[in-house]
Amino acid sequence: MAAAFCNLNPGSGLKKLNEYHLYQSYMTRYFLDSKRSSCFFHNGRKLFQSTYRRQLKFKKGHQSRRVILDSKADYSGTTNEEEKEDAVSKATLIWRAAKLPIYSVALVPLTVGSAAAYFQTGVCSARRYFVLLASSALIITWLNLSNDVYDYDTGADKNKKESVVNIVGSRTGTFIAAYLFLALGFMGLTWASVEAGNMRSIILLACAIICGYIYQCPPFRLSYQGLGEPLCFAAFGPFASTAFYLMQGSTSEMNYLPLGDTILSASVLVGFTTALILFCSHFHQVEGDRAVGKMSPLVRLGTKGGSRVVKVAVIALYFFLFAFGLIKALPFTCIILCALTLPMGNVVVRYVEDNHKDKQKIFMAKYYCVRLHALFGAALAAGLVVSRMVTKGYVPRLIFS
């Protein structure tokens, strides 16, 4: 055994053992590497598939959200116009309720009537002018407040955010304040009429106030029959403008002032522009007026028909202006100055034609009419004054007593 063991070649046995271990370690590494590579490939494919699925879900979700947003935008654009009105600030509502630009309907008839009186007599009472202005403003305040009260009673102003009754929250308080302003205003008009010594003027002003009463107050409420514009024309045109003319033209030396073509023509033009303001103030209230049975001209005609009426009315205004000039009822200076307001008349027509379907924008139509009314009245009054100064060579004499 010892000889046999000694005859074994230790190098050859160890060499085979080492080769066997090397082979086993190589196969192990190969197996592990191949397993890792297959796992890496499998994991990569799995990662790619999961990433693709996430991207697909994201795209579908984005598309669905976009569809929902678009549908919401379409829905809000067609049915949620009231939400825009709710977003109006309290200060804006108070400004709308005050209607300060509308008080030009008190200023213009007085100024034109006083200018016509100066054209005839060459005198003008400054103190009487300001008393009449303050009294007229009080009357207009009564008109605005009482209109809100009675429209509140009928439900016409149920959704009108700028209604004084809705802002204040008291129908009784608004009613009392309205008639208090009426009493104070009528007292001032009576005082001015007595001082002028012309009782015809207070009768005409009383007729103007009666027109305002039957326009909106029960049991008449003629505005619900579509007669508001004719009453407005008569009240602020022939009645008020002529009454102020008589008050300003009367003095202690001359209590009688003739009603000539000049004052009658001027009063017609003033009444025309005033009625246009009232007409355009109904554009954004057509649906509410129809719901409560208030048959204003715009409810009967529709907004498109109303836009045509505005265009015809503005054309008629300037037609009558030039017609009065041709028959020499108005001085040539008045015609020239009033003709300069044609661009403003065109603005009114274009604005109404372009926006008569938009309830938000057409709200401003009445304020464009106020600008036309004020500019036209100022041009008419300035033309009368300048014509007197040029033809007679007089300087205006202000009477403060």
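Residues numbered from 1 in each chain as written. Predicted model: local features only at pLDDT ≥ 70, side-chain atom pairs only at ≥ 80, totals over all residues. Heavy atoms only, no water.

**A closer look at the packing of aromatic side chains**
Okay, step 1: Counted under the stated rule, the structure contains 12 aromatic pairs.
Okay, step 2: Geometrically, the ring pair formed by Y318 and F376 is edge-to-face, given 5.9 Å between the ring centres and 75 degrees between the ring planes. Of the two residues, Y318 sits in helix 13 (residues 297-326) while F376 sits in helix 16 (residues 365-392), which places them 58 residues apart along the sequence.
Okay, step 3: Among the residues examined, F376 registers a relative accessible area of 1% and is labelled buried.
Okay, step 4: An aromatic cluster is defined as three or more aromatic residues linked by ring pairs; in this entry it consists of W142, Y150, F175 and Y179.
Okay, step 5: Sitting over the face of the ring of Y224, K294 holds its NZ or CZ atom 5.3 Å from the ring centroid.
Okay, step 6: If you follow R371 out to its NZ or CZ, it ends over the ring of Y368, 4.9 Å from the centre. (Phe/Tyr/Trp six-rings, centres within 6.5 Å; stacked < 30°, edge-to-face > 60°. Helix = DSSP H or I, 4+ residues; strand = E, 2+ residues; numbered from the N terminus. Buried < 20%, exposed > 50% of the residue type's maximum accessible area, 1.4 Å probe, protein only. Lys NZ or Arg CZ within 6 Å of the ring centre and 35° of its normal.)

**Things to note about the state of the cysteines**
Okay, step 1: Going through the model one piece at a time under the given rule, you end up with zero disulfides.
Okay, step 2: We note that C232 lacks a disulfide partner, and the nearest cysteine sulfur, in C211, lies 9.6 Å from it.
Okay, step 3: Summary of cysteine pairing: C334 is not part of a disulfide, and the nearest cysteine sulfur, belonging to C338, is at 5.9 Å.
Okay, step 4: On the basis of relative accessibility, which here comes to 0%, the residue C334 falls in the buried class. (Disulfide = S-S within 2.5 Å.)

**Let's talk about the nonpolar core**
Okay, step 1: Within the largest apolar cluster, 82 residues are counted, with the highest numbers of intra-cluster contacts made by C280, V310, L330 and L380.
Okay, step 2: Apart from the residues lying within four places of it in its own chain, the contact partners of C280 are V310, V352, A365, K366 and C369. (Core = buried A, V, L, I, M, F, W, Y, C linked by side-chain atoms within 4.5 Å. Contact = heavy atoms within 4.5 Å.)

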